[in-house]
Amino acid sequence: MAELLLDAQGVTVRFGGLVAVDQVDATFHAGELVGIIGPNGAGKTTFFNAISGVIAPTSGRLVAQGHELTGAKPHAYARHGIARTFQTPRVFAELPVAANIDFGLKFAGRRRTASWLLKDAGSILNVIGLSAQAALPAAAITPSQQRLLEIGMALARRPRLLLLDEVAAGLTEAEVENMAQLIRRLRDELDLTVVWIEHAVTTLLRHVEWVLVLHQGRKIADGTPGEVVRNAEVIEAYLGDEMAEAVA
Ligand SMILES: Nc1ncnc2c1ncn2[C@@H]1O[C@H](COP(=O)(O)OP(=O)(O)OP(=O)(O)O)[C@@H](O)[C@H]1O
Ligand SMILES: [Mg+2]
């Protein structure tokens, strides 16, 4: 069995009376490419926030690479191999693209990565395809390039588990496909484990091997793409009959 990078058990996040994440169990092993789907407000981003230390879960348990991290801060999660992007890109707009990557590298320190291909800013820019934009201020690159830069900044933390929150949002169909190809390469060539939240369901389901479906905070399904598109509760809550047929 591949190494268990993150074990999330019964993760629950409450905001006052709202249960945004409700008793979600998930395990992510080395080398997996997992998708998370579900309607707006299902709790996907909140789940990422909980498993990256951005917010402490109300209850539940989080263990990363064997280390109990429940309630720990983001840097503790980063230290144990977990990096994430944000649904709203958080690049340093006035700094050059390469300096944005350097910023992440500085925080990663000398921590070894799974791949030597992520050893410096130049190699990370190469992986994400932004070498030609290295000297431009981040504000001067296109929105889709800013999404790539967000991924580069997460890679600079030298993760083993990379959490991607809607990195293809707002991109054209061709750009979404390119993004999917990049995500595949991160897993296949850089040996990363990737968990990918996206509403572009047809593309996502073509590329991932396993899918978690959230609805009203609960995990309503957990299976291969073929299994979840045939799941009646998933069709009802999110996919709809037409979409389910289209992706099946
Ligand atoms: N900081 C917060 N305070 C209060 N409520 C919040 C907070 N963050 C999220 N919520 C609520 O928690 C629920 C889950 O939100 P979340 O952003 O996790 O959904 P999502 O699945 O990521 O949705 P989307 O697909 O639109 O990004 C929503 O009802 C949202 O309004
Ligand atoms: Mg979200």
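In this report, the structure presented in the accompanying data block is examined. (Residues numbered from 1 in each chain as written. Chains lettered and ligands numbered in written order. Predicted model: local features only at pLDDT ≥ 70, side-chain atom pairs only at ≥ 80, totals over all residues. Heavy atoms only, no water.)

1. Topic: the nonpolar core
Reasoning step 1: One finds Ile101, Leu149, Ile151, Leu155, Met179 and Leu186 to be the most contacted residues of the largest nonpolar core, which totals 54 residues.
Reasoning step 2: Here Leu155 is in contact with Leu118, Ile124, Val127, Ile128, Leu162, Leu186 and Leu192, once residues within four sequence places are set aside.
Reasoning step 3: If you look at the next biggest cluster of nonpolar residues, it comprises 28 residues, including Leu5, Ile51, Leu69 and Ile82. (Core = buried A, V, L, I, M, F, W, Y, C linked by side-chain atoms within 4.5 Å. Buried < 20%, exposed > 50% of the residue type's maximum accessible area, 1.4 Å probe, protein only. Contact = heavy atoms within 4.5 Å.)

2. Side note on the coordination of the magnesium ion (ligand 2)
Reasoning step 1: Bound to the magnesium ion (ligand 2) are the protein donor atoms Thr45 (OG1) and Gln87 (OE1), situated 2.0 to 2.2 Å from the metal. Placement of Thr45 in helix α1 (residues 44-51) and of Gln87 in the loop between β6 (82-84) and α3 (97-108) is noted, with a sequence separation of 42 residues between them.
Reasoning step 2: With relative accessibility at 24%, the residue Thr45 sits in the partly exposed group.
Reasoning step 3: Among the residues examined, Gln87 registers a relative accessible area of 34% and is labelled partly exposed. (Donors = N, O, S within 2.8 Å, 3.2 Å for Na, K, Ca; no water. Helix = DSSP H or I, 4+ residues; strand = E, 2+ residues; numbered from the N terminus.)

3. Considering the side chain of His29
Reasoning step 1: Mapped onto the elements of the fold, His29 is located in strand β2 (residues 18-29).
Reasoning step 2: What makes His29 buried here is its relative accessible area of 11%.
Reasoning step 3: Excluding residues within four positions of it along the chain, His29 makes contact with Met1, Ala2, Glu3, Leu4, Leu5 and Thr193.

4. Details of the pairing of strand β8 (residues 193-197)
Reasoning step 1: The element β8 is largely enclosed, with a buried count of five among its five residues.
Reasoning step 2: Alternating residues of β8 divide into Thr193, Val195 and Ile197 and Val194 and Trp196, and every residue in both groups is buried.
Reasoning step 3: In the sheet, strand β7 (residues 161-165) pairs with β8 via five bridges, with the strands oriented parallel. Note on β8: the bridge partner recorded for Asp165 is Ile197.
Reasoning step 4: The handedness of the β7 to β8 crossover, carried by helix α6 (residues 173-188), is right-handed. (Pairing = 2+ DSSP bridges. Right-handed = clockwise from strand over helix to strand, strands pointing away.)

5. Describing the packing of aromatic side chains
Reasoning step 1: Taken as a whole and assessed by the stated rule, the structure comprises one aromatic pair.
Reasoning step 2: Look at Phe92 and Phe103: their rings are 4.7 Å apart centre to centre, the planes differ by 65°, and that puts the pair in the edge-to-face class. Note that Phe92 is positioned in the loop between β6 and α3 and Phe103 in helix α3, a separation of 11 residues in sequence.
Reasoning step 3: Classification of Phe103 as partly exposed rests on a relative accessible area of 31%. (Phe/Tyr/Trp six-rings, centres within 6.5 Å; stacked < 30°, edge-to-face > 60°.)

6. Re the site of ligand 1
Reasoning step 1: Near ligand 1 there are 14 residues, and of these Asn40, Gly41, Lys44, Thr46 and His199 occur at the shortest range.
Reasoning step 2: In the model, an oxygen atom of ligand 1 is placed 2.5 Å from a nitrogen or oxygen of the Thr46 side chain.
Reasoning step 3: Note that an oxygen atom of ligand 1 is positioned 2.9 Å from one of the side-chain N or O atoms of Gln87.
Reasoning step 4: In the complex, the protein chains occlude 61% of the 630 Å² of accessible area that ligand 1 would expose alone.
Reasoning step 5: Here the residues of the shell around ligand 1 are counted per class, giving five nonpolar, seven polar and two charged. (Near = heavy atom within 4 Å. Polar contact = N/O pair within 3.5 Å; in protein donor to acceptor, adjacent residues only side chain to side chain. Areas by Shrake-Rupley, 256 points an atom, 1.4 Å probe, with all protein chains shown as cover. Nonpolar A, V, L, I, M, F, W, Y, C, P; charged D, E, K, R; others polar.)

7. Here we look at the packing of α3 against helix α4 (residues 121-128)
Reasoning step 1: The geometry of α3 relative to α4 is characterised by a closest axis approach of 9 Å and an angle of 115° between their N-to-C directions. Note that α3 runs across α4; the crossing there is right-handed. Across the interface between the two elements, Val97, Ala98, Ile101, Asp102 and Leu105 of α3 pack against Ala121, Ile124, Leu125 and Ile128 of α4.
Reasoning step 2: Of the residues contributing to the contact of α3 with α4, the split by class is eight nonpolar, no polar and one charged. (Axes fitted to C-alpha atoms, helices over the stretch in contact; angles between N-to-C directions. Left-handed = near helix turned anticlockwise from the far one by under 90°.)

Bear in mind that shape data such as this cannot, by itself, settle questions of function.
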